[in-house]
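The residues making up each chain are set out below.
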Amino acid sequence: MNGCHESDIETFLKSVFDLVLKEGVTEINDRSKPVINFKTPSELKQILDLEIPAKPASHAQLLGYCEQVFKYSVKTGHPRFFNQLYAGLDPYGFAGQVVTDVLNTSIYTYEVAPVFVLMEKYLLDHVCRLIGYSEGDGTFSPGGSYSNMLGMNLARFHKFPQVSKTGMRALPRIVIFVSRHSHYSNKKNASLLGIGSDDVIAVATDNSGRMDCSDLKQKIEEAEIQGATPFLVIATCGTTVLGAFDPLDKIADICEDKKIWLHVDAAWGGGVLFSSKYRQLCKGIHRSDSVAWNPHKMLMAPLQCCVFVTKHSNKLEKCHSIEVPYLFQQDKTLYSSEYDIGSKVIQCGRKVDVLKLWLMMKAHGSTGLEARINKAFLNAQTLTKLVKVTDGFELVCQPECTNVCFWYVPKRLRSLKWSLDDDNFCRKMAQVPPLIKEGMTQSGSLLVGYQPLDGKPSFFRMVVINDKVTTDDMKFVIKEIDRLGSDL
């Protein structure tokens, strides 16, 4: 191992951890430092020594490489990083992740992960109770897209249990219904599972991005008339762009009447369940059959930390379990086979993600997590008010979540009549966000995403999560975008 003594390795690791603490904890909230030191791909290739050598690199060289990684990477824990549906760094979650990495085990049997199996079973039960399930089951998964796939797979198995053996050849045409603003993973998952993306039917939304239940009911009836079998509706709590919450109670009424599985993609918005003030946004979630939730988003757990739960306590086992005598022996003498939880999931090797969440929840308690959620909403509401009263800024819609979506109008366009029906106006507006994004990225002052939606010209999508964000940061966003775009 690099021809070094253990004491040398220990010194190297201490140097790395000192660097990690400096970059990730001590300096991460220093707003004078850039969110990113941006380089183009060609520039970065010239800077980084990516070649794998024949002879080992020295510890000094390795530490230098780590310093380069920090220097040129995006600082997602920076208070002015608003680009994605994750941000910040929870120190207790980070500590849990370090411990997990040192133990370096896979969570499929109690035999190799006794503490983590008990911890995962407890925490999944806790999430089920939080949602309102009287019983249930679940798993941690490598992403919200994967969790949505589990919901789709269970829904199909629930309707057609023979599918696990016979495959799609024994099934009629089966169809899925999603909001037109739902996550793109639903089409990809349908393609992967052999259902086909064409049979993922988009349902209309209202002006705030919520699923239109009258259109859902009509499309289900149209599919039935065509001879298709509706088996799944995917509702969303916190859509990716607008942060909309679909009306779950109304959707559940339709699903119960039609005997259709209801899966809720709460990957983004599920964090509101920790807030007594905002949990009503998920009203009716207890009536769902399954839920996807990503604590690494609104709750600020380190990536990745994703949960899938279902109210059907034996469905995962029945759908996914097969006989694997070299791993899941039924004649183990020291404990019950129910603790070999890997038998109920698709993966074999699975990274332990529960400790970082459990340690976070222990450290903050439910009151601390509620305060974190409430602060994010308060910051988003502050930004919304600033957008409304500042010249050149125009809200896309009143936000339900902490996504604040708005257009910025440079001075030269403010004399034009505001009209999204005017192609020329929309074309000019669509050119603005990429140029402002270029400016903020090159300066490293902040990062904010942008995108078009429903034929509208591109607008900014501010995602407010980090509990280190202040009112002054919200004011800075407005001033900086105006500075970068005023003369465009």
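Residues numbered from 1 in each chain as written. Predicted model: local features only at pLDDT ≥ 70, side-chain atom pairs only at ≥ 80, totals over all residues. Heavy atoms only, no water.

## Quick look at the packing of helix H6 (residues 144–159) against helix H8 (residues 185–192)
Note the cut-off: Note on geometry: axes are lines fitted to C-alpha atoms, helical ones only across the stretch in contact, with angles between N-to-C directions running from 0 to 180 degrees. Strands here mean DSSP runs of E at least two residues long; helices mean DSSP runs of H or I at least four residues long; both are numbered from the N terminus. Comment on the angle field: the value is read as roughly parallel under 35 degrees, roughly antiparallel over 145, roughly perpendicular from 65 to 115, and oblique elsewhere. The handedness criterion is simple: a crossing whose near helix is rotated anticlockwise from the far helix by less than a right angle is left-handed, and one whose near helix is rotated clockwise is right-handed. Contacts are residue-level and defined by heavy atoms, with any inter-residue pair within 4.5 Å sufficient. Charged means Asp, Glu, Lys or Arg here, nonpolar means Ala, Val, Leu, Ile, Met, Phe, Trp, Tyr, Cys or Pro, and polar covers whatever is left, Gly included.
Packing of H6 against H8 brings their axes to within 9 Å, and their N-to-C directions diverge by 55°. Classified by the angle their axes make, H6 and H8 are oblique. Classified by chirality, the crossing of H8 by H6 is right-handed. Of the residues in H8, those in contact with Ser145, Asn148, Met149 and Met152 of H6 are Ser185, Asn186, Asn189, Ala190 and Leu192. Partitioning the contact of H6 with H8 into residue classes produces four nonpolar, five polar and no charged.

## Some remarks on the pattern of salt bridges
Which entries qualify depends on this criterion: Each reported salt bridge corresponds to a side-chain nitrogen of Lys or Arg within 4 Å of a carboxyl oxygen of Asp or Glu. To sort residues, take the accessible area from a 1.4 Å probe on protein chains only and compare it with the maximum for the residue type: under 20% means buried, over 50% means exposed, and anything in between is partly exposed.
One pass over the full model with this rule turns up 25 salt bridges. A salt bridge links Lys258 to Glu224; the nearest nitrogen and oxygen atoms lie 3.0 Å apart. Here Glu224 lies in helix H9 (residues 213–225) and Lys258 lies in helix H10 (residues 248–258), a separation of 34 residues in the sequence. On the basis of relative accessible area, Lys258 is assigned to the partly exposed category, the value being 23%. Judged by its relative accessible area of 34%, Glu224 falls in the partly exposed class. A network of salt bridges, in which partner residues are shared, links Asp249, Asp253, Glu256, Lys283 and Arg287.

## Looking at the nonpolar core
We count it as follows: Side-chain atoms within 4.5 Å link the members of a nonpolar core, which is a set of buried Ala, Val, Leu, Ile, Met, Phe, Trp, Tyr and Cys residues.
Counting 72 residues, the largest nonpolar core has Phe177, Leu216, Val233, Ile251, Ile285 and Val309 as the members making the most contacts within it. Looking at this core, the element that brings in the most residues is helix H5 (residues 114–131), giving nine residues. Discounting residues that sit within four places of it in the chain, Val309 has contacts with Leu124, Val127, Cys128, Ile131, Tyr133, Asp137, Gly138, Asp289, Ser290 and Val291. Core analysis: the second largest hydrophobic core is formed by 36 residues, Phe425, Val432, Met462 and Val464 among them.

## Concerning the side chain of Arg80
We count it as follows: What qualifies as a polar contact is a pair of N or O atoms within 3.5 Å, subject to a donor-acceptor requirement within protein and to the restriction that residues adjacent in sequence count only when both atoms come from side chains.
As for its position among the elements, Arg80 is in the loop between helix H3 (59–72) and strand E1 (81–82). Within the structure, the side chain of Arg80 is placed 3.0 Å from the side chain of Asp473, a separation counted as a polar contact. When sequence neighbours within four positions are dropped, the list of residues in contact with Arg80 reads Arg31, Val35, Ser445, Leu446, Leu447, Asp473 and Phe476.

## Here we look at the pairing of strand E6 (residues 261–265)
Regular strands have side chains that alternate between both faces of the sheet. What counts, and what does not: The criterion for strand pairing is that DSSP finds at least two bridges linking the strands in question. Seen with the strands pointing away from the viewer, any crossover whose path from the first strand over the helix to the second strand runs clockwise is right-handed.
With five of five residues buried, E6 is to be regarded as a mostly interior element. By the alternation rule, side chains of E6 split into Trp261, His263 and Asp265 and Leu262 and Val264, which are all buried. As paired strands, strand E5 (residues 229–236) and E6 are joined by five bridges and run parallel to one another. Each residue of the ladder has a partner; that of Thr236, found in E6, is Asp265. Since E5 and E6 lie parallel, the crossover through H10 that links them has a hand, and here it is right-handed.

## A closer look at the environment of Pro172
Relative to the helices and strands, Pro172 is located in the loop between helix H7 (163–166) and strand E3 (174–179). Residue classification places Pro172 among the partly exposed residues on the basis of a relative accessible area of 35%. Remark: the alpha-carbon pair of Pro172 and Gly227, spanning 55 residues in sequence, is separated by 8.5 Å. Leaving out residues up to four positions away in the same chain, Pro172 has contacts with Phe160 and Thr229.

## Some points on unusual backbone geometry
The amide bond that connects Leu303 to the next residue, Gln304, takes the cis arrangement and shows omega of -15°. Secondary-structure assignment places Gln304 in the loop between strand E7 (290–293) and strand E8 (306–310). Within the chain, Lys259 stands out as a residue other than glycine whose phi angle is a positive 55°. If you check the backbone angles, Asp454 has positive phi at about 55° while not being a glycine. By the secondary structure assignment, Asp454 is in the loop between strand E11 (447–453) and strand E12 (456–463).

## Topic: the sheet that holds E6
Spatial strand order, E2-E8-E7-E6-E5-E3-E4: seven strands in an open sheet with mixed pairing. Where the open sheet ends on each side, the last strands, each with one partner, are strand E2 (137–141) and strand E4 (200–203). In this sheet, adjacent strand axes meet at a mean angle of 20° when their direction is disregarded. Where E3 lies against E5, five bridges are found, and the strand directions are parallel. In the strand pairing of E5, Val175 is matched with Pro230. The strands touched by H5 within the sheet are E2, E7 and E8, with E8 carrying the most contacts at an inclination of about 65°.

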